[in-house]
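Overview (structure and organization)
Listed below are the residues making up each chain.
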Amino acid sequence: MLLQQSPTLFWLVMTIAFTGILWVPYIFELLVHHGPIQALRDPNGVIAHAAVWAQRSKRAHYNAIENLALFAPLVILIHISKLETPLTATAAMAYFGFRVGHYLVYTMGIPFIRTILFLAGFGCQAILTLRLFGML
């Protein structure tokens, strides 16, 4: 199986799967607070979240999507270029961990740590980029 042969791709898939479920908590909050009929008949997505944590969760989800758009091509390019190393696998694994931490800390409203986790994830992307440029 390809994911067993490529830890870098494995962590990409884990990151995609994690990002893909981040909508569940804040949509659940809408369903609970507004009721299913009101929450589901909002074609423009304008019903406000009552809980502040759900608002932050939604923003954290959007941030995860924005960063996945950078992380995924880097991992794919490293894989198809056969540039995978233990360092790229570690960077991909760390990126996943930093994104999980970022989501949790953002949702809980903890400042500063959120920024540190974001920057650490950026550092992982920088490692992958430098590898593609042959600098690592």
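Quick notes on the rules
- Residues numbered from 1 in each chain as written.
- Predicted model: local features only at pLDDT ≥ 70, side-chain atom pairs only at ≥ 80, totals over all residues.
- Heavy atoms only, no water.
- Axes fitted to C-alpha atoms, helices over the stretch in contact; angles between N-to-C directions.
- Helix = DSSP H or I, 4+ residues; strand = E, 2+ residues; numbered from the N terminus.
- Parallel < 35°, antiparallel > 145°, perpendicular 65-115°, else oblique.
- Left-handed = near helix turned anticlockwise from the far one by under 90°.
- Contact = heavy atoms within 4.5 Å.
- Core = buried A, V, L, I, M, F, W, Y, C linked by side-chain atoms within 4.5 Å.
- Buried < 20%, exposed > 50% of the residue type's maximum accessible area, 1.4 Å probe, protein only.
- Expected span 1.5 Å × (residues − 1).
- Nonpolar A, V, L, I, M, F, W, Y, C, P; charged D, E, K, R; others polar.
- Patch = residues over 30% accessible without salt bridge, like charges linked within 9 Å, V, L, I, M, F, W, Y side chains within 5 Å.
- Areas by Shrake-Rupley, 256 points an atom, 1.4 Å probe, with all protein chains shown as cover.
- Salt bridge = Lys/Arg side-chain N within 4 Å of Asp/Glu carboxyl O.

This part takes up the packing of helix H2 (residues 7-21) against helix H5 (residues 52-80). Here H2 crosses H5 at 160°, and the two axes come no closer than 10 Å. Regarding the angle of H2 to H5, the classification is roughly antiparallel. Where H2 crosses over H5, the handedness of that crossing is left-handed. Contacts from Thr8, Leu9, Trp11, Leu12, Thr15, Ile16 and Thr19 in H2 reach His61, Ala64, Ile65, Leu68, Phe71, Ala72, Val75, Ile76 and His79 in H5.

Okay, the nonpolar core next. Counting residues in hydrophobic clusters, the biggest one holds 21 residues, and the most contacted among them are Leu12, Phe71, Val75 and Leu128. Broken down by secondary-structure element, the contributors of at least two residues to this core are H2, H5, helix H6 (86-108) and helix H7 (113-132). With 8 residues, the single largest contributor to this core is H5. Setting aside residues up to four positions removed in sequence, leucine 12 forms contacts with Leu68, Phe71, Ala72, Val75 and Ile76.

On to the environment of glutamine 55. Topologically, glutamine 55 is positioned in helix H5. Relative accessible area serves as the criterion here: at 31%, glutamine 55 is assigned to the partly exposed category. Sequence separation of glutamine 55 and proline 73 is 18 residues, and the distance between their C-alpha atoms is 28 Å.

Let us look at H6. Here H6 contains 23 residues, and its C-alpha end-to-end distance of 33 Å stays within 8% of the 33 Å for a straight helix at 1.5 Å per residue. Positioned one or two residues after H6, glycine 109 has a phi angle of 75°, which is positive.

Summarising the element assignment, histidine 102 is placed in helix H6. Taking the relative accessible area as the measure of exposure, histidine 102 reaches 3% and is therefore buried. Apart from residues lying up to four places away in sequence, histidine 102 is in contact with Asn63, Arg114, Leu117 and Phe118.

This brings us to the packing of helix H3 (residues 23-34) against H5. As a packed pair, H3 and H5 sit with axes 8 Å apart at the nearest point and diverge in direction by 150°. Here the hand of the crossing between H3 and H5 comes out left-handed. Along the contact surface, H3 presents Trp23, Pro25, Tyr26 and Glu29, while H5 presents Trp53, Ala54, Ser57, Lys58, His61 and Tyr62. In terms of residue class, the contact of H3 with H5 is built from 6 nonpolar, 2 polar and 2 charged.

Glancing now at a nonpolar patch on the surface. On the surface, a cluster of nonpolar side chains totalling about 520 Å² of accessible area is made up of Leu87, Leu130, Phe133, Met135 and Leu136. Within the fold, leucine 136 resides in the segment after H7.

Spanning 29 residues, H5 covers 42 Å between terminal C-alpha atoms, matching the ideal 42 Å at 1.5 Å per step. Phi turns positive one or two residues past the end of H5, at lysine 82, with a value near 55°.

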